[in-house]
Amino acid sequence: MRVITAIPAALTALILARVPSAAVAQDNDTCLMCHGDASMFAGMENAELLVVDQETYQASAHGEAGLACVDCHQDLVGFEDFPHAEDLQPVDCSMCHDEQAAQHNRSLHGQAAARGDELAPSCADCHGKHDIITHTDPESPTNVMNIPFLCGECHHEGTPVSRTHDIPQDQILENYSLSIHGEGLFRQGLTVTAVCTSCHTSHKILPHTDPESSIHRDNVARTCTQCHAQIERVHRKV
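Conventions used here
Residues numbered from 1 in each chain as written. Predicted model: local features only at pLDDT ≥ 70, side-chain atom pairs only at ≥ 80, totals over all residues. Heavy atoms only, no water. Salt bridge = Lys/Arg side-chain N within 4 Å of Asp/Glu carboxyl O. Helix = DSSP H or I, 4+ residues; strand = E, 2+ residues; numbered from the N terminus. Buried < 20%, exposed > 50% of the residue type's maximum accessible area, 1.4 Å probe, protein only. pLDDT = per-residue confidence, 0-100. Contact = heavy atoms within 4.5 Å.

Here we take up the pattern of salt bridges. Across all of its chains, the model carries four salt bridges by this definition. Note that Arg 106 and Glu 212 form a salt bridge whose closest N and O atoms lie 3.5 Å from each other. Of the two residues, Arg 106 is situated in helix α7 (residues 98-106) and Glu 212 in the loop between α14 (196-200) and α15 (220-224); the sequence distance between them amounts to 106 residues. A relative accessible area of 29% places Arg 106 in the partly exposed class. Residue Glu 212 is classed as partly exposed on the basis of its relative accessible area of 46%. Of the charged contacts in the structure, one is a salt bridge between Lys 204 and Glu 212, with a shortest N-O distance of 2.9 Å. Because the salt bridges share partners, they merge into one network encompassing Arg 106, Lys 204, Asp 210 and Glu 212.

Attention now goes to unusual backbone geometry. Although it is not a glycine, Gln 171 sits at a positive phi angle of roughly 50 degrees. Even without a glycine there, the phi angle at Thr 201 is positive, about 75 degrees. Counting through the fold element by element, Thr 201 comes out in the loop between α14 and α15. You can call Thr 201 partly exposed: its relative accessible area is 28%.

On to the environment of Cys 96. Summarising the element assignment, Cys 96 is placed in the loop between α6 (69-72) and α7. Cys 96 sits in the exposed class, given a relative accessible area of 60%. With 24 residues separating them in the primary sequence, Cys 96 and Cys 72 have C-alpha atoms 9.4 Å apart.

This part is about the confidence of the model for the protein. Looking at the protein, pLDDT values average 87 and 87% of them are 70 or higher. pLDDT under 50 marks residues 1-7. Its contacts with residues more than four places away, or in other chains, come to 21 contacts. Under a pLDDT of 50 for its full length, residues 9-25 has, in the predicted model, 28 contacts with residues more than four places off or in other chains.

Now the structure itself:
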């Protein structure tokens, strides 16, 4: 993935002046000498991806866990040349989150990504990049109150996904908001109500025709009884 398209000579000289010779970027302070300064990348393509706010990162789940930049950006481990290479490998979240990555790869989203679909969501599209916060935080896009809006960024009428992909259902976000689950969330603020991930799961999202899918006809009762305990027994009595 190309992160920096071109580095002007003046910028290169500035970087070299600020970084000690033979320095090795093994700590965040070294990286932030450049990537913590927005003026370093002013006017450059993808500048918003290159600038890291130190306070935002430190407040993130990775920052609180004490992870260094090179823990994720593995191809920068031990580099000594400034500025570093332009073409960096995409961050591989599976290094730590292997189970979730395996589920995503198996899912409809992962299969779309494997086909080269540019609209297929990656980990960062849902969780963020340097600002990832835990789902228990009300500000997190993966917090239960925000899940419908997160999924609705793609599964909403008029989005590129809805216009270019054959999705059997329409008015997904609108219909959810009018359902008993949607009313529980939006009108009553019930965080125990069902959201998209409650039924479809967070990462292993499969079509309803797949026997492994949480919404396959053989699995629907099991999915519903996660919240509606013993309702199947009551239904059978009725």
